[in-house]
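Examination of the molecular architecture
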Amino acid sequence: MPTSICWFRRDLRLADHPALVAAVEAARADGSDVVPLYVIDPALWRTAGANRLAYLAASLRALDRSVGGRLVVRHGDAVDVVPAVAREVGAREVHVSASHEPYGRRRDRATESALAADGASLRSIGSPYAVSPGRVRKADGEPYQVFTPFRGAWLDHGWRDPAPHPRSVPWATLPSDGVPDAPETGADLPEAGEAAARARWREFLDDGLAGYASGRDLPAHDDTSRLSVHLRWGEIHPRTLLADLAEVGRSAGRGSGAPSSDDVATFRSQLAWRDFHADVLHHHPSATARSLRAVLPDDAWATGTDEEERLAVWAAGRTGYPLVDAGMRQLVATGWMHNRVRMVVASFLVKDLHVRWQRGAEHFMAHLVDGDIAQNQLNWQWVAGTGRDAAPYFRVFNPVTQGLRFDPDGEYVRRWVPELRHLDGTAAHEPWKVGPSLFASDDSYPERVVDHAVERRATLDDLHRGRG
């Protein structure tokens, strides 16, 4: 009796999962079972960051519990493993959420061909996005290059309602290789799994959405949703969020403490940015490693030992600029960094230390538990001024004024930079004004590695040369 396979990837949930719904419907039509399959590629496992692996392992264990301990984990190249499992159970169809990143597209084409050789098919249904990459286009059929018109077209295009939650799924029982032990990580990672994702979303709707439009930029208050990791692993789908947002939006601004229409629209725009970056990568797969626009001459960048030393001091949170250092230390300690601070630290690396954005993106992917190739690389290109819709290169974030504006009491800095906890208020953002005694010992806070004003001018001069 043919069995249906649901191949889980970036969709580690049961609710709002169109591919799972299709797999269940196919199994019921045949009077058969559904194999919940996850494939661990040892090559990818060895190269992924420890924080992501630890979180993935925890999320897979949560998914296994939700399917009654019947998650089938197999180790190996998916191109070999998926057809092998299909042959093992006599499956004619493998149901899966579509991949749109370059590696995933190549893998799926190869897997589809391998299945077809056995008379089976790969059925891609849905994606990790509200609107699948490639679907939102201009009237002439070309993709959007700029976010704001993309968002307008994205809103006009709309998205499907959340898929129904399948009930009484006939899960198959099959041998499993088990979830491998994740590498040790010292980061304080969030709870993984679909239940944790939905609980976090409900908590944010109840207590965090009101005031989000203004509060999301204040790292000390941490008024962000913290849903990026759950979206990255597909423990909750953006359609679910958008459906709930629409319901909240119908009563926005009514009553004391209720979210405003601006709060709702601002959060929805964050989901639009997520879809936009995926769309850009879909059309420009080289953006994972190559700048989409050249903005500076090649000799503008640090190289060799100079580059490595600058990268190392930035990664260690020892630049002498408190907001930058606080962000880099938060990243190591938690596998996450506040979005406003991500922009500041990225600008500092590229435009103050003159290190190419690819090096910073690599470091982020090594530590971020929400590391996602489309979001990470395109956000770095936005800051670096090299993306399709990027901040102009002449926009150089001043780490001091950014700190004074968005962390005015120095609370965020003091939380992550213990050397400065004795400084009150704004003094935490300009410790060099306290006097030389602050930098007297080897374990004290470091002096500024560069002069921001000088490096900003060098960056603008390089930009002018590049245009010449």
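Everything discussed here concerns the structure shown above.
Residues numbered from 1 in each chain as written. Predicted model: local features only at pLDDT ≥ 70, side-chain atom pairs only at ≥ 80, totals over all residues. Heavy atoms only, no water.

A tally of helices and strands in the chain yields 19 helices and 5 strands. Seen through its principal axes, the chain has C-alpha atoms that stretch 80 × 55 × 50 Å. Every one of the 468 residues in the chain was classed for burial, and the buried ones make up 56%. Residue pairs in contact within the chain that sit at least 24 positions apart in sequence constitute 79% of those at least 6 positions apart. Carbon and sulfur atoms form 48% of the exposed surface of the chain, whose accessible area is close to 20000 Å². (Helix = DSSP H or I, 4+ residues; strand = E, 2+ residues; numbered from the N terminus. Buried < 20%, exposed > 50% of the residue type's maximum accessible area, 1.4 Å probe, protein only. Contact = heavy atoms within 4.5 Å. Areas by Shrake-Rupley, 256 points an atom, 1.4 Å probe, with all protein chains shown as cover.)

Right, let's talk about the packing of helix α7 (residues 194–207) against helix α10 (residues 238–249) for a bit. Two numbers describe how α7 lies on α10: the axes approach to 12 Å, and their chain directions differ by 20 degrees. Comparing the axis directions of α7 and α10 gives the class roughly parallel. In this structure, α7 crosses over α10, and the sense of that crossing is right-handed. For the pair formed by α7 and α10, the contact residues are Arg198, Trp201, Arg202 and Leu205 on the first element and Thr240, Leu241, Asp244, Leu245 and Val248 on the second. Looking at the contact of α7 with α10 residue by residue, the classes come out as 5 nonpolar, 1 polar and 3 charged. (Axes fitted to C-alpha atoms, helices over the stretch in contact; angles between N-to-C directions. Parallel < 35°, antiparallel > 145°, perpendicular 65-115°, else oblique. Left-handed = near helix turned anticlockwise from the far one by under 90°. Nonpolar A, V, L, I, M, F, W, Y, C, P; charged D, E, K, R; others polar.)

Let us look at the packing of aromatic side chains. Counted under the stated rule, the structure contains 16 aromatic pairs. When the centroid spacing of 3.9 Å and the interplanar angle of 10 degrees are considered together, the rings of Phe147 and Trp273 count as stacked. Remark: Trp273 occurs in helix α11 (residues 261–283) and Phe147 occurs in helix α6 (residues 147–157); sequence separation between them is 126 residues. Taking relative accessible area as the criterion, Trp273 reaches 23% and is therefore assigned partly exposed. One aromatic cluster is present, built from ring pairs that chain together Tyr144, Phe147, Phe150, Trp273 and Phe276. Across from the ring centre of Trp233, 3.9 Å away, lies the NZ or CZ of Arg232, which sits over that ring. (Phe/Tyr/Trp six-rings, centres within 6.5 Å; stacked < 30°, edge-to-face > 60°. Lys NZ or Arg CZ within 6 Å of the ring centre and 35° of its normal.)

With that settled, consider the packing of helix α12 (residues 304–315) against helix α15 (residues 357–367). Closest axis-to-axis distance for the α12/α15 pair is 11 Å, and the angle between their directions is 40 degrees. The angle between α12 and α15 falls in the class oblique. Note on packing geometry: the crossing formed by α12 with α15 is right-handed. Contacts between α12 and α15 pair Glu307, Glu308, Leu311, Trp314 and Ala315 from the former with Arg359, Gly360, His363 and Phe364 from the latter.

A separate point is helix α14 (residues 339–352). Compared with the 20 Å implied by 1.5 Å per residue over 14 residues, the 19 Å span of α14 between its first and last C-alpha is a close match. Where burial is concerned, most of α14 is hidden: 13 out of the 14 residues are buried. In the stretch just after α14, His354 is the one whose phi turns positive, near 60 degrees. (Expected span 1.5 Å × (residues − 1).)

With 45 residues, the main nonpolar core has Trp314, Val324, Met337, Val345, Phe364, Trp380 and Tyr412 as its most contacted residues. Of all elements in the fold, only α12, α13 (322–334), α14, α15, α16 (373–384) and α18 (411–416) reach the threshold of two or more residues within this core. The element that contributes the greatest number of residues to this core is α14, accounting for 8 residues. Once you skip the residues sitting within four places of it in the chain, Val324 turns out to touch Trp314, Thr319, Val344, Val345, Phe348 and Pro399. In this structure, Leu209, Tyr212, Leu227 and Phe267 belong to the second largest nonpolar core, which totals 32 residues. (Core = buried A, V, L, I, M, F, W, Y, C linked by side-chain atoms within 4.5 Å.)

With that settled, the discussion passes to the sheet that holds strand β2 (residues 34–40). Within a sheet, each strand pairs with its neighbour through backbone hydrogen bonds, oriented either parallel or antiparallel. Taken together, 5 strands build an open sheet; the order of strands is β3-β2-β1-β4-β5 and the sheet is parallel. The sheet terminates laterally at β3 (72–75) and β5 (121–124), the two strands that pair on one side only. Going from strand to strand, the sheet's axes swing by 30 degrees on average, the running direction of each strand aside. One ladder, built from 4 bridges, connects β2 with β3; its direction is parallel. Residue Ile40 lies in a different strand from β3, and its bridge partner there is His75. Each of β1 (4–8), β2, β3 and β4 (93–96) is contacted by helix α4 (residues 78–89), which is oriented at about 155 degrees to β2, the strand it contacts most. (Pairing = 2+ DSSP bridges.)

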